[in-house]
Amino acid sequence: IPTSILLFGTFTALYKGISRSIKIVEALESGTAQGLSEAQVNQYIGEAYFYMGFAHATLATYWGDAVINKNGMSLDDAYTLTRSPKSEVLAWAYECFDKAITLLPDAMGSQMRPTKGAAYAFVARFALFHEDWQKAADYAKKCMDMGIYELHPDYGDLFVADKSPELMFY
C-alpha cells in the first residue's frame, strides 16, 4: 500500500475521531447523559479532550499546517477549509491536553485508558518532536512529580512485560 494512501486514511480517521470527540463533549456537557456519576462524566470528557489533543498534534506532526476542528465540522469541510499554521494547531492540541489533564484521573488500575500521566507524557513527546524543549521538560517533570511512574527494573524485560510502572498508556 502506498504511503500516500496510508496517510490519507490516517487523516480521515483523525478528523472523524475529532468530530466524534466533540459530540461526546457536547452531549456530556449538556447534561443529557443519564445514569453517569460526575466522576464518569469528567473522565469521559477528559478522554475526549485527550483524543482531540492527540489528533491535532498528530495532524501537525504529519502535515504541519492543518484545519483546526473546534466545532465539529464535517469531513468534507476538513478537506476544503483554510489550514491554520502548525504553531496554532499545536497550541490547540496542547490546550486540549491541558483540559484533559484537569479532568482525567491520576491512575486507572487495570483498564488501559488515558490518565493525567499519559496526557503529560504525550505533550512531552510531541513537544520533543517539535523541538519545544522547555515544554517537553516541563511536562516530563509534571509526569515524574506525580510519583506514579518509574523506570522498569530490567530494560530487556520491558518489551515482554504485561505490567510495568513505566508503562503509561499502551
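On a predicted model such as this, the values are computed, not experimentally measured, just so you know.

Another aspect to go through is the pattern of salt bridges. Tallied over the entire structure, the rule returns three salt bridges. Across the pair aspartate 145 and lysine 141 runs a salt bridge whose closest N-O atoms are separated by 2.8 Å. Of this pair, aspartate 145 and lysine 141 both sit in helix H6 (residues 133-145), four residues apart, which is roughly one turn of that helix. Under the relative-accessibility criterion, lysine 141 is labelled partly exposed at 43%.

What follows deals with the packing of aromatic side chains. Tallied over the entire structure, the rule returns 10 aromatic pairs. Plain terms: the ring middles of phenylalanine 54 and phenylalanine 122 are 5.9 Å apart, the flat faces sit at 75° to each other, and that makes the pair edge-to-face. Placement of the pair is phenylalanine 54 in helix H2 (residues 38-63) and phenylalanine 122 in helix H5 (residues 116-129), with a sequence separation of 68 residues. Classification of phenylalanine 54 as partly exposed rests on a relative accessible area of 27%.

Looking now at a nonpolar patch on the surface. Taken together, the side chains of Tyr155, Phe159 and Val160 define a hydrophobic patch exposed on the protein surface, amounting to about 410 Å² of accessible area. Here tyrosine 155 lies in helix H7 (residues 155-158).

This paragraph deals with the side chain of glutamine 43. You can see glutamine 43 is positioned in helix H2. Here glutamine 43 falls in the buried class, since its relative accessible area comes to 14%. Those residues in contact with glutamine 43, other than ones at most four positions away along the chain, are Leu103, Leu104, Pro105, Met108 and Arg113.

Moving on to H2. Taking 1.5 Å per residue, 26 residues should reach 38 Å; H2 reaches 37 Å between its end C-alpha atoms and fits that length. Backbone geometry just downstream of H2 places glycine 64 in the positive-phi region, at approximately 75°.

Moving on, we get to the nonpolar core. Ranked by size, the top nonpolar core spans 43 residues in total, and within it Tyr15, Ile18, Tyr49, Phe50, Met52, Leu59 and Phe97 carry the most contacts. No other element matches the 10 residues that H2 contributes to this core. Aside from chain neighbours lying at most four places away, what touches phenylalanine 50 is Phe97, Ala100, Leu104, Pro114, Ala118, Ala119, Phe122 and Phe169.

With respect to the helices and strands, serine 21 occurs in helix H1 (residues 3-29). By relative accessible area, which is 6% here, serine 21 ends up buried. The residues touching serine 21, leaving out its near neighbours within four places in the chain, are Ala48, Tyr51 and Met52.

Inspection of the secondary structure puts threonine 115 in the loop between helix H4 (86-103) and H5. Looking at threonine 115, the relative accessible area reads 3%, which means it is buried. In this structure, the C-alpha to C-alpha distance between threonine 115 and serine 84, residues 31 residues apart in sequence, is 28 Å. For threonine 115, the residues in contact, after removing those within four places along its chain, are Leu104, Pro105, Asp106, Ala107, Met108 and Tyr149.

To continue, consider H6. Taking 1.5 Å per residue as the helical rise, H6 with its 13 residues ought to reach 18 Å, and the 18 Å between its terminal C-alpha atoms agrees with that figure. By the burial criterion, the buried members of H6 are Ala136, Tyr139 and Cys143. Along the axis of H6, the buried positions cluster into a sector of 80°, meaning they face one direction only. In H6, those exposed residues whose orientation departs by more than 90 degrees from the buried face are Trp133, Gln134, Met144 and Asp145. Of the surrounding elements, those touching the buried residues of H6 are H4 and H5. Glycine 147 lies just past H6 and shows a positive phi near 75°.

Cut-offs used in this document
- Sequence order as written defines the numbering, with residues in each chain counted from 1.
- At least 70 in pLDDT is required for a residue's local features to be given in this predicted model, at least 80 for side-chain atom pairs to be given and counted, and no such filter applies to totals for whole chains, interfaces and linings, which use all residues.
- With hydrogens and water set aside, each side-chain value is computed from the structure's full complement of heavy atoms.
- Here, a salt bridge means any side-chain nitrogen of Lys or Arg that lies within 4 Å of a carboxyl oxygen of Asp or Glu.
- A run of H or I in DSSP becomes a helix once it reaches four residues, and a run of E becomes a strand once it reaches two; helices and strands are each numbered from the N terminus.
- Partly exposed describes any residue whose relative accessible area lies between the buried limit of under 20% and the exposed limit of over 50%, with all areas from a 1.4 Å probe on protein chains only and scaled to the type maximum.
- Aromatic pairs are defined between Phe, Tyr and Trp rings, using the six-membered ring for Trp, whenever the two ring centres lie within 6.5 Å; interplanar angles under 30 degrees are classed as stacked, those over 60 as edge-to-face, and all others as tilted.
- Nonpolar side chains (Val, Leu, Ile, Met, Phe, Trp, Tyr) within 5 Å and like charges within 9 Å form the patches, drawn only from residues with over 30% relative accessible area and no salt bridge.
- Working definition of accessibility: Shrake-Rupley area with a 1.4 Å probe, residue cover restricted to the visible protein chains.
- We call two residues contacting when some pair of their heavy atoms lies within 4.5 Å.
- A helix's residues, less one, multiplied by 1.5 Å, set its expected span.
- The term nonpolar core refers to a set of buried residues drawn from Ala, Val, Leu, Ile, Met, Phe, Trp, Tyr and Cys, joined through side-chain atoms within 4.5 Å.
- Directions pointing from the helix axis toward each C-beta atom define the arc.

The quantities given are spatial measurements derived from coordinates; they are silent on function.
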